[in-house]
Amino acid sequence: MITLKNADKYIESRFRRTFILKGIDLVVKEGEFVSIMGPSGSGKSTLLNIIGMLDKASAGEYYFLDEPVHKFSERKTSNLHKEYIGFVFQAYHLIDELTVYENIETPLLYRGVKSKERQSLVAEMLDKFQMVAKKDLFPDQLSGGQQQLVGVARALIGKPKLLLADEPTGNLHSEQGEEIMNLFKKLNDEGMTIIQVTHSEKNAEYGSRIVRLEDGAIVSDGK
Ligand code: ADP
Ligand code: MG
């Protein structure tokens, strides 16, 4: 599903090039559940953002479903992102001015899903996440755990082939974190490909493979 070949990410200033990622080779097959670990500043978020097409590698090749993403325009990668990828952020990234209902609905609007279908999909999600009673609340009226559930619901509503999550439980109590990890496990059992960034060895155990980053390079990759 994903192939990165010798991918770099660097920042250029007038006098030098600073590498954030260097020589990344990574293959992720459909149905895998991968955890990316590593010290703070090692490039985990940058790597996940590149995989999720929120950012672009500076050099190297990126194939997603055999498509050469590194050759695509921003518009084309953005369309690929919308069609195939659900992204969960550590800091939730909900839209403060929108209700729970509207936040969950947003990806469907981007994709041009018709009103009737949107209604039924959002209703299904609210039900699944037991948030029906909270649908008209705004993010700041929810606890962190509830906000992250909204973030996960929003990421899942478009039935993405690939779910990416950047420290999804980083701001949560262990019980709420466990709930989200169990949900990921279930989604993976049902066939969804998942890549998560985590600091927690325990959370990493929910997956089947751990990729470790240090100073922008993969230092180990295994079961
Ligand atoms: P991690 O998620 O592992 O903590 P990041 O991918 O966020 O690491 O960042 C890796 C390194 O790259 C850090 O040193 C960070 O300061 C730097 N970095 C990330 N994005 C940028 C940017 N846009 N400009 C300059 N430096 C950046
Ligand atoms: Mg990070």
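All of the points below concern the structure found in this document. (Residues numbered from 1 in each chain as written. Chains lettered and ligands numbered in written order. Predicted model: local features only at pLDDT ≥ 70, side-chain atom pairs only at ≥ 80, totals over all residues. Heavy atoms only, no water.)

Looking at the overall build of the chain
Point 1. What the chain contains, in helices and strands, is 7 helices and 10 strands.
Point 2. For a compact globule of 223 residues, the expected C-alpha radius of gyration is about 17 Å, and the chain comes in at 18 Å, within 12% of that figure.
Point 3. For the chain, the spread of C-alpha atoms along the principal axes amounts to about 55 × 40 × 35 Å.
Point 4. Here the chain holds 223 residues, and 47% of them are scored as buried.
Point 5. Partitioning the intrachain contacts of the chain with sequence separation of at least 6 by distance along the chain shows that 69% fall at a separation of at least 24.
Point 6. With an accessible surface of roughly 11,600 Å², the chain has 47% of that area assigned to carbon and sulfur atoms.
Point 7. Where the 29 positive side-chain charges of the chain centre and where its 32 negative ones centre are 5 Å apart. (Helix = DSSP H or I, 4+ residues; strand = E, 2+ residues; numbered from the N terminus. Rg over C-alpha atoms; globule rule 2.2 N^0.38 Å. Buried < 20%, exposed > 50% of the residue type's maximum accessible area, 1.4 Å probe, protein only. Contact = heavy atoms within 4.5 Å. Areas by Shrake-Rupley, 256 points an atom, 1.4 Å probe, with all protein chains shown as cover. Lys, Arg positive; Asp, Glu negative; His and termini not counted. Charge placed at Lys NZ, Arg CZ, Asp CG, Glu CD.)

Quick word on the nonpolar core
Point 1. One finds I104, F129, V152, L156, L163, F184 and L187 to be the most contacted residues of the largest nonpolar core, which totals 33 residues.
Point 2. The set of elements that each furnish at least two residues to this core consists of helix 3 (100–110), helix 4 (115–128), helix 5 (144–156), strand 7 (162–166) and helix 6 (174–189).
Point 3. With 6 residues, helix 5 is the largest single contributor of residues to this core.
Point 4. Apart from residues no more than four positions distant in its own chain, F184 is found in contact with F33, V152, L163, A165, P168, I194 and Q196.
Point 5. Grouped together as the second largest cluster of nonpolar side chains are 28 residues, V28, I36, I85 and L162 included. (Core = buried A, V, L, I, M, F, W, Y, C linked by side-chain atoms within 4.5 Å.)

Quick look at empty space enclosed by the protein
Point 1. Going through the model one piece at a time under the given rule, you end up with 1 cavity of 30 Å³ or more.
Point 2. Around the largest cavity, the lining residues are L4, A7, D8, K9, L21, I24, L47, I50 and A57.
Point 3. Listing elements by their share of the lining of the largest cavity, those giving two or more residues are strand 1 (2–12), strand 2 (17–28) and helix 1 (44–51).
Point 4. In terms of residue count, strand 1 provides more of the lining of the largest cavity than any other element does, 4 residues in total.
Point 5. Residues that form the lining of the largest cavity fall into these classes: 7 nonpolar, no polar and 2 charged. (1 Å grid on protein atoms, 1.4 Å probe; cavity = no way out; pocket = protein on both sides within 12 Å on 5 of 7 lines; lining within 4 Å. Points joined across faces, edges and corners; volume = space filled by probe spheres on them. Nonpolar A, V, L, I, M, F, W, Y, C, P; charged D, E, K, R; others polar.)

Things to note about the sheet that holds strand 1
Strands in a sheet are paired, the pairing made by backbone hydrogen bonds, and the direction either parallel or antiparallel.
Point 1. The strand order across the open sheet built from 4 strands is 2-1-4-5, with neighbouring strands paired in antiparallel fashion. Looking at the sheet topology across the chains shown, the edges are occupied by strand 2 and strand 5 (67–68).
Point 2. Sheet topology note: the strand 1/strand 2 ladder contains 8 bridges and is antiparallel. The residue bridging E12 from the neighbouring strand is R17, located in strand 2. (Pairing = 2+ DSSP bridges.)

Notes on the layout of surface pockets
Point 1. Quantified by volume, the largest pocket comes out at close to 730 Å³.
Point 2. With 5 residues, helix 2 (residues 74–84) is the single largest residue contributor to the lining of the largest pocket.
Point 3. The residue inventory of the lining of the largest pocket, partitioned by class, reads 17 nonpolar, 11 polar and 6 charged.
Point 4. The computed volume of the second largest pocket comes to approximately 230 Å³.
Point 5. If you go around the second largest pocket, the residues you meet are K128, F129, Q130, M131, K134, Q146, L149, E179, I180, N182 and L183.
Point 6. When residues of the lining of the second largest pocket are traced back to their parent elements, those giving at least two are helix 5 and helix 6.
Point 7. When residues in the lining of the second largest pocket are grouped by element, the largest group, 4 residues, is from helix 6.

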